[in-house]
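One-letter residues, chain by chain:
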Amino acid sequence: MARIDEKAKERIFVALDYDNMENAKRLVEELGDNISMYKVGLESYLNTDGKLVDYLHENGKKVFLDLKFHDITNTVKMACANAIKKNVFMFNIHCSNGSKTMKEVAELVKESKSESLLIGVTILTNLGENDIFEMFKSKLKLEEIVLNLATLARNSGMHGIVCSPQEAKDVKEKLGKDFVTVCPGVRPKFTLNADGKSDDDQTRIMTPADAIRQGVDFLVVGRPITKAENPVESARLILEEISEALI
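As the structure is a computational prediction, the values presented were derived from the model and not from experiment.

Caption draft 1: Summary view of the environment of Glu173. Here Glu173 lies in helix H8 (residues 165-175). The class for Glu173 is exposed, based on a relative accessible area of 58%. Distance in space between the C-alpha atoms of Glu173 and Ala245 is 19 Å, their sequence separation being 72 residues.

Encoded structure:
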């Protein structure tokens, strides 16, 4: 059995994408001390009336509140004020809110003396080049759009961004190692098909080890663990992959 570096546990959020509290609690209890950080997204937050966040905090877990706020500036600020009160480890808004909103939210976090990381969502990892062209008729490459949004976020005082692992290295090189990268679209080796691709809706993917080597700070992993026949074993294998990259 490969060795698991304890630091590997500080690099992975497991996505609790469930429609009820019972299933989410069951997984957290099953994974036990193997996983210390969890992502709570729209589905689980709404279906548990936000109580899942409280449950995780009561059990000593760190929370990434992944609600991707996107609205007019005042509405986003009020939503973020609520996230700040929950004292989560990290929460996010869409970079496409624009610099005005990002700056005001960053200032809100600062004024609140909050320790929560404020992260900007760039381009969702289930979108590819064709999707971007369809929506915006843009001739820019997807990576260029991500870097531009990341630059706006950095200049607005945000702590980092959500992007795919494929863009993380360039973001780190251009914007600095201290600018946090949070990456979904992570698919461990044991879930990939013969062509090295994922069979789900993620298009810009990378293995955990390769993502860490690209400079990714935090990985977000859902289905490879939550839909696995043996979630504990799957989590262990992913932690081993991360440990391999940290050597």
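Having seen the structure, we can now continue with the description.
Caption draft 2: The arrangement of the pattern of salt bridges in detail. A complete count under the given rule lists 12 salt bridges for this structure. The partner of Asp66 in a salt bridge is Lys68, with the nearest N and O atoms 2.9 Å apart. Taking the relative accessible area as the measure of exposure, Lys68 reaches 30% and is therefore partly exposed. Two residues, Arg236 and Glu240, come together in a salt bridge whose shortest N-O distance is 2.1 Å. Separated by 4 residues within a single helix, Arg236 and Glu240 lie in helix H11 (residues 231-246), roughly one turn from each other. A residue is classified by how much of its surface remains accessible, and Glu240, at 14% relative accessible area, is buried. Three or more residues are tied together by salt bridges with common partners; here these are Asp17, Lys39, Asp66 and Lys68.

Caption draft 3: Local environment of the pairing of strand E5 (residues 117-121). Counting buried positions over the 5 residues of E5 gives 5, a clear majority of the element. With 5 bridges joining them, strand E4 (residues 90-94) and E5 adopt parallel strand pairing. Paired with Asn92 across the two strands is Ile119, which belongs to E5. Judged from the 3 bridges that link them, E5 and strand E6 (residues 160-162) form a sheet pairing that is parallel. In the strand pairing of E6, Gly120 is matched with Ile161.

Caption draft 4: A look at the nonpolar core. Judged by nonpolar contacts, the single largest core of 68 residues is most densely connected at Leu56, Leu65, Phe91 and Ile93. Of the residues forming this core, the biggest block, 7 residues, is contributed by helix H7 (residues 142-155). Leu56 has contacts with Leu16, Val28, Tyr38, Val40, Lys61 and Val63, leaving out every residue within four places of it along the chain. Among the nonpolar cores identified, the runner-up in size contains 13 residues, and Met37, Leu117, Val121 and Val180 belong to it.

What counts as what
- Residues numbered from 1 in each chain as written.
- Predicted model: local features only at pLDDT ≥ 70, side-chain atom pairs only at ≥ 80, totals over all residues.
- Heavy atoms only, no water.
- Helix = DSSP H or I, 4+ residues; strand = E, 2+ residues; numbered from the N terminus.
- Buried < 20%, exposed > 50% of the residue type's maximum accessible area, 1.4 Å probe, protein only.
- Salt bridge = Lys/Arg side-chain N within 4 Å of Asp/Glu carboxyl O.
- Pairing = 2+ DSSP bridges.
- Core = buried A, V, L, I, M, F, W, Y, C linked by side-chain atoms within 4.5 Å.
- Contact = heavy atoms within 4.5 Å.

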